[in-house]
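Chains, contacts and geometry: an overview
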Amino acid sequence: MVSQKVIIQNPSGLHLKPAGLLCNLAIRYKALVTFTYKKGTANAKSVLSVLGACVKCGDEIELVCEGPDEQEALDSLVEAIESGLGEHRS
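Predicted model only: the values in this text are computed from it and were never measured.

The subject of this paragraph is the packing of helix α1 (residues 16–27) against helix α3 (residues 70–82). At a closest axis distance of 10 Å, the pairing of α1 and α3 adopts a crossing angle of 165 degrees. Between α1 and α3, the crossing angle belongs to the class labelled roughly antiparallel. Note that α1 runs across α3; the crossing there is right-handed. Note on element contacts: α3 touches α1 through Ser76, Leu77, Ala80 and Ile81, opposite Leu22, Leu25 and Ala26. For the contact of α1 with α3, the per-class residue count stands at 6 nonpolar, 1 polar and no charged.

In structure tokens:
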């Protein structure tokens, strides 16, 4: 199991578009990919779970990956989140 904390940079948080991009990326890996946030844990491979977390700009989440390609998954997801998940940061 590997984990890393990351701050959400998207101005509108993890709304539908960035949540979809996050899920599509997480689905590529065999590892179980979740993240913890203020109120609990979300499945990063489920758009509904990510949206239900109501993560806002500036919130810190901790990505947790467990499985055969866990480090690759974690590195890829952290890079995507830090680069704004396809959105320009203001």
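Still more ground to cover, so stick around.
So, on to the pattern of salt bridges. Per the counting criterion, the structure on display carries 1 salt bridge. Close ionic contact of Lys38 with Asp59 constitutes a salt bridge, the shortest N to O distance being 3.7 Å. Linking Lys38 in the loop between β2 (32–37) and β3 (40–43) with Asp59 in the loop between α2 (47–52) and β4 (60–66), this pair joins segments that are 21 residues apart in sequence.

Attention now goes to the side chain of Glu70. Examined against the element boundaries, Glu70 turns out to sit in helix α3. Polar contacts involving the side chain of Glu70 include one to the main-chain amide nitrogen of Met1, which spans 3.2 Å. Ignoring sequence-local partners within four residues, the contact set of Glu70 consists of Met1, Val2, Ala31 and Cys65.

The subject of this paragraph is α3. Over its 13 residues, α3 runs 18 Å from end to end, which matches the ideal 18 Å to within 8%, given 1.5 Å per residue. Within α3 the residues assigned to the buried category are Glu70, Ala73, Leu74, Ser76, Leu77, Val78, Ala80 and Ile81. Contacts made by the buried residues of α3 are with β1 (2–7), α1, β2 and β4. Looking at the residues trailing α3, positive phi occurs at Gly84, about 95 degrees.

With that out of the way, let us pick up the nonpolar core. Counting 27 residues, the largest nonpolar core has Leu14, Leu22, Phe35, Ile61, Leu63, Leu77 and Ile81 as its most contacted members. Elements supplying a minimum of two residues to this core: β1, α1, β2, β4 and α3. If we ignore the near neighbours within four places in the chain, the residues touching Phe35 are Leu14, Leu22, Gly40, Thr41, Ala42, Ala44, Val50, Ala53, Val55, Ile61, Glu62 and Leu63.

Procedures and definitions
- Residues numbered from 1 in each chain as written.
- Predicted model: local features only at pLDDT ≥ 70, side-chain atom pairs only at ≥ 80, totals over all residues.
- Heavy atoms only, no water.
- Axes fitted to C-alpha atoms, helices over the stretch in contact; angles between N-to-C directions.
- Helix = DSSP H or I, 4+ residues; strand = E, 2+ residues; numbered from the N terminus.
- Parallel < 35°, antiparallel > 145°, perpendicular 65-115°, else oblique.
- Left-handed = near helix turned anticlockwise from the far one by under 90°.
- Contact = heavy atoms within 4.5 Å.
- Nonpolar A, V, L, I, M, F, W, Y, C, P; charged D, E, K, R; others polar.
- Salt bridge = Lys/Arg side-chain N within 4 Å of Asp/Glu carboxyl O.
- Polar contact = N/O pair within 3.5 Å; in protein donor to acceptor, adjacent residues only side chain to side chain.
- Expected span 1.5 Å × (residues − 1).
- Buried < 20%, exposed > 50% of the residue type's maximum accessible area, 1.4 Å probe, protein only.
- Core = buried A, V, L, I, M, F, W, Y, C linked by side-chain atoms within 4.5 Å.

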